[in-house]
Amino acid sequence: TAHPYCLLRRRISMEEWRRQFPLRAQGCRLLNQFGQHFKLAGVNWYGASDSFHVVGGLDARPLSELCHAVAAMGFTVVRLPFSSEMLRVERVPPGAIDYVQNKDLEGLSPLQVYDRVIEELGAAGVTVIINNHTTVGAWSGGVELNGMWFRDQCRVYTEHSWIDDWVMMAKRYEDHPEVIGYDIRNEVRPTSMMGPSPRWGNSSPVYDWSRAAGSCARALMDANAPGLVVVERIAWPQNSLREMLNPKPPWEAWQVPRDRIVLAVHMYAWSGPGAWSPKHFMPGVLRSFFDVVDYVGSRSLYGEMSQEALEEQMDKDFGFCIDEDICPVWLSELGCSLDTELDWFTKVCQYLDKKDVDFAYWPLNVGPKPGGSDDEAYGILTNDWQPRWADPRLQALRRLCPQAVLPSPKKAQTRRPLHLPARARADSGSLSPFHLNVTPNVTPVASPSCFGQVDEPLWGAPFPWCQPLPGPLVPWLPWPSTSPKEMPEARYIWKVLEGVDSDPGKDALTVRCDDLEAIKELCIRRHFGGFALHEGYAYFRLSSPEGLLMRQQAGYPKTVLYVAEEVRLCGMWQAVEPLESFDAPAGSFKASGDVICLPLSDEHPEAALEACQRACLEAQKPGFVMHDFASACLMEPNEAEDLRRGLEHGKWKRCSEAASGIYLLEPKPFYVGVEIFKDMDAFPGSDARVLKGRFGIARCREICIQEGYAGFAIQNGVARFRSAAAAVLRERMVVAKGSVFYILTTREVQVSPEEGSHATASLDQVLTKLWSPMKAVVNGSKLQQKVVEARDNLTVDEEVIHL
């Protein structure tokens, strides 16, 4: 079944896409068979090199969806690690694959699963470079037995068997053009602290990486392997690629074609040029020793360098190959965590953009690392293996990705629901997706995804990208004349409970003030959940409104408890069609607004609908009419008003799916709250974001809406956000003593109709019940002039303490 989010910026046949391979090097660039530059903009997808022997994520989602999600994120290549052991294992370990979601993988060996991964990536328009990552399937890092391409004193994993494995793999995939290269070994390094170290051109031939790599490259050429041969520099210590080019470049020393060799490097904040990088994995005393060694040698780690020093060092390490047009260089591993290494990653991305360097981010994976409990802090997916679109690392990588030419998907066998896990892409030509009426006589093209605009906020995109909201946030009516990039403000319904208090004595802030509106404005601005008013003093509470209401206590006759329930306005589209009893055929309704082109055809109706919704939001129009999935016309306000009158008078009716193609935008207000779970967590350790310091539950809720998180855990004064969908978070909840877990909830605001009316309350009637902090400021409530006395006792973890 085809996936709507695999639509193309330029649609070509699978045969034409495959004809561009194999790639060949010309100077420092890789060219396809048409002479066009092919950029390696990639991501590492590990698992087949580890104890499970298959790629990660197969226990969470179908393989085809994972592969198409890689394409939707913009990557052109996947570096696909495997272990030598995996080639010899007959069965997949229990728990590595969910066979309900991946029924077609049942009964396959790990190598056969590896075959299917390559095939599915190729079907999604993503190339593959296979990588011999480890010898024995295990997590690889530090000084350990997977450091060399062979194992000492071992009859199974010899250099000869390693080369034979590569010849076998090349022949296995010679009819798979999507396999464009062979990364012959990952991070060659010592296998013990006191043992021999590999060297490039070592006098000891056994540990000479140049000799071994040359033998493997020649064997692949002799076997007529079509792909590129990727050779990495020695990992520890990491020296300049000039070491690999002197006294002769490898293609001359090995007597292989120059256009088949690609050199590769790895970079992390904790590694460095010439530095003894294993210290990152060592206990305190040994690490301190190597810190001194590096200090005496005037060596700094990459993460310790300024932008200028880092770029100068990268030029020395590998950038000169690009500047001097010597050979292609692939930065086949770089990655960072969100907490301490993001600044360094940004510096590296600036350099990669400037030099147009080929790269592969490490990794795609999320969750616990194979064989251990440590969570993968570098992963760029959500906890349930969906693209984490708001992740700044993914956004930076997408800026480096080319506008790839991908193969057209096969015709869908069934209609897929709109809540798909990744995004469609369509050709927008020279126009931005919604830059309407740029030039005369040009029909703008609507894109059915956020792919074209990296910085587009998720809260402003149609369902499902706006999750956990039921629809995109829209400004409160009347709409402003321009489309704001700022998130529309929240409004509130204040619950007023006389003679009641909640969390008495647990005051985050105390203020004496004679203006109730000013107190409310302060409550919202400081992200409090509510306050208790007692004899002229306001006592603010950090807890959520739900927590305050749950713990309310009577018996406080001079106290009034105010709880702020947050309300957001979400855009919802209502399909409409004429009633059969009226002579009003759907074709008689004409919209006169901007016409947009939908180059999607009827193969992907859900993606076409999403494209129209996005165009409607961007142009701030109240609806649209879709014409056979080929084009659509936006409504003007007066036309939408005519339709609404027709609905009121019974000439038109609301329906779940409009055969007429007519859709009205109907903004609806929703309460946004949280569901609270004591001593629980979901995906513990998988932190999409961490918040420390002075904050309230309302601030955490706001971050969830801004960045697309469905929940968060608070423990020891720290909020840790989770990126899986709410339903998945509920399924994966586990006991975590001392933690309180929150899942965002929404429900439509229902206000009783005016007295004497039997109709449902209109949106205008609902709006009159809502309190706006912006209006409170405009109306002159200036808190700083009215505060008589204030005591700030702000603490975090209030909800944890009270629960």
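See the structure shown above.
*Asks:* Just to check I follow, could you spell out the sheet that holds strand 20 (residues 623-627) for this structure?
*Replies:* Sheet strands pair via backbone hydrogen bonds, and the direction of the pair is either parallel or antiparallel. Read from one edge of the open sheet, 6 strands run 19-21-20-23-18-22, paired in antiparallel fashion. In this open sheet, the two strands that pair with only one neighbour each are strand 19 (595-597) and strand 22 (652-655). Strand-to-strand twist in this sheet, taken as the mean axis angle between neighbours without regard to direction, amounts to 30 degrees. Across the face of the sheet, helix 14 (residues 605-619) comes into contact with strand 18 (573-578), strand 19, strand 20, strand 21 (631-634) and strand 23 (662-665) while running at roughly 145 degrees to strand 20.

*Asks:* Help me understand the sheet that holds strand 6 (residues 179-183), please; the structure alone is not making it clear to me.
*Replies:* With parallel pairing, 8 strands are arranged side by side around a closed barrel as 3-4-5-6-7-8-9-10. Across this sheet, the average inter-strand angle for adjacent strands is 30 degrees, counted without regard to direction. Here strand 7 (residues 228-232) runs beside strand 8 (residues 261-267); their pairing, made up of 4 bridges, is parallel. Paired with Val 229 across the bridge in strand 8 is Ile 261. The strands touched by helix 9 (residues 307-323) are strand 8 and strand 9 (329-334); relative to strand 8, the strand with the most contacts, the crossing angle is about 160 degrees.

*Asks:* Sorry, what's going on with unusual backbone geometry here?
*Replies:* Residues other than glycine predominantly adopt negative phi, and peptide bonds predominantly adopt the trans conformation. Look at the link from Phe 21 to Pro 22: it is a cis peptide, with omega at 10 degrees. Tracing the backbone through its elements, the reader meets Pro 22 in the loop between helix 1 (14-18) and strand 1 (24-26). Omega for the peptide link from Asn 246 to Pro 247 comes to 0 degrees, which places this bond in the cis form. Its identity is not glycine, yet Trp 385 carries a phi of approximately 65 degrees, on the positive side. Note that Trp 385 resides in the loop between strand 10 (358-361) and helix 11 (392-400). On the accessibility criterion, Trp 385 (7% relative accessible area) is buried. Residue Glu 535 is not a glycine yet carries a positive backbone phi of 50 degrees. Residue position: Glu 535 is located in the loop between strand 14 (530-534) and strand 15 (537-541).

*Asks:* Would you take a moment to explain the packing of aromatic side chains for this structure?
*Replies:* Given two aromatic rings, their pairing is described by the distance between the two centres and the angle made by the two planes. Inspection of every chain in the model, using the stated rule, returns 30 aromatic pairs. A centroid spacing of 5.8 Å and a plane angle of 75 degrees characterise the contact between Phe 82 and Tyr 114, whose relative ring orientation is edge-to-face. Pair noted here: Phe 82 is in strand 4 (residues 77-83) and Tyr 114 is in helix 3 (residues 110-123), with a separation of 32 residues, a long-range link. On the accessibility criterion, Tyr 114 (2% relative accessible area) is buried. An aromatic cluster is built from Tyr 492, Trp 494, Phe 528, Phe 531, Phe 540, Tyr 562 and Trp 771, whose rings are joined through pairwise contacts. Above the ring of Phe 320, the side-chain terminus of Arg 242 is found at 3.8 Å from the ring centroid.

*Asks:* Sorry, what's going on with helix 11 here?
*Replies:* Working note: α-helix, 3.6 residues per turn, so residues spaced by three or four point in the same direction. Among the 9 residues that make up helix 11, 7 are buried, leaving the element largely enclosed by the rest of the structure. Along helix 11, the positions that sit buried rather than exposed are Arg 393, Leu 394, Gln 395, Ala 396, Leu 397, Arg 398 and Leu 400. Structurally, helix 11 contributes buried residues whose contacts are with helix 10 (342-355) and strand 10.

*Asks:* Explain the pattern of salt bridges here, please?
*Replies:* Side chains bearing opposite charge may pair, as long as their charged atoms lie close to each other. One pass over the full model with this rule turns up 40 salt bridges. Where Asp 687 meets Arg 722, a salt bridge forms, and the shortest distance between an N and an O atom there is 2.6 Å. Within this pair, whereas Asp 687 is found in the loop between strand 24 (668-682) and strand 25 (689-692), its partner Arg 722 is found in strand 27 (residues 718-722), the two being separated by 35 residues in sequence. Assessed through its relative accessible area of 0%, Arg 722 is described here as buried. One network of salt bridges, in which partners are shared, links Arg 79, Asp 183, Glu 232 and Glu 333.

The rules we used
Residues numbered from 1 in each chain as written. Predicted model: local features only at pLDDT ≥ 70, side-chain atom pairs only at ≥ 80, totals over all residues. Heavy atoms only, no water. Pairing = 2+ DSSP bridges. Helix = DSSP H or I, 4+ residues; strand = E, 2+ residues; numbered from the N terminus. Axes fitted to C-alpha atoms, helices over the stretch in contact; angles between N-to-C directions. Contact = heavy atoms within 4.5 Å. Buried < 20%, exposed > 50% of the residue type's maximum accessible area, 1.4 Å probe, protein only. Phe/Tyr/Trp six-rings, centres within 6.5 Å; stacked < 30°, edge-to-face > 60°. Lys NZ or Arg CZ within 6 Å of the ring centre and 35° of its normal. Salt bridge = Lys/Arg side-chain N within 4 Å of Asp/Glu carboxyl O.

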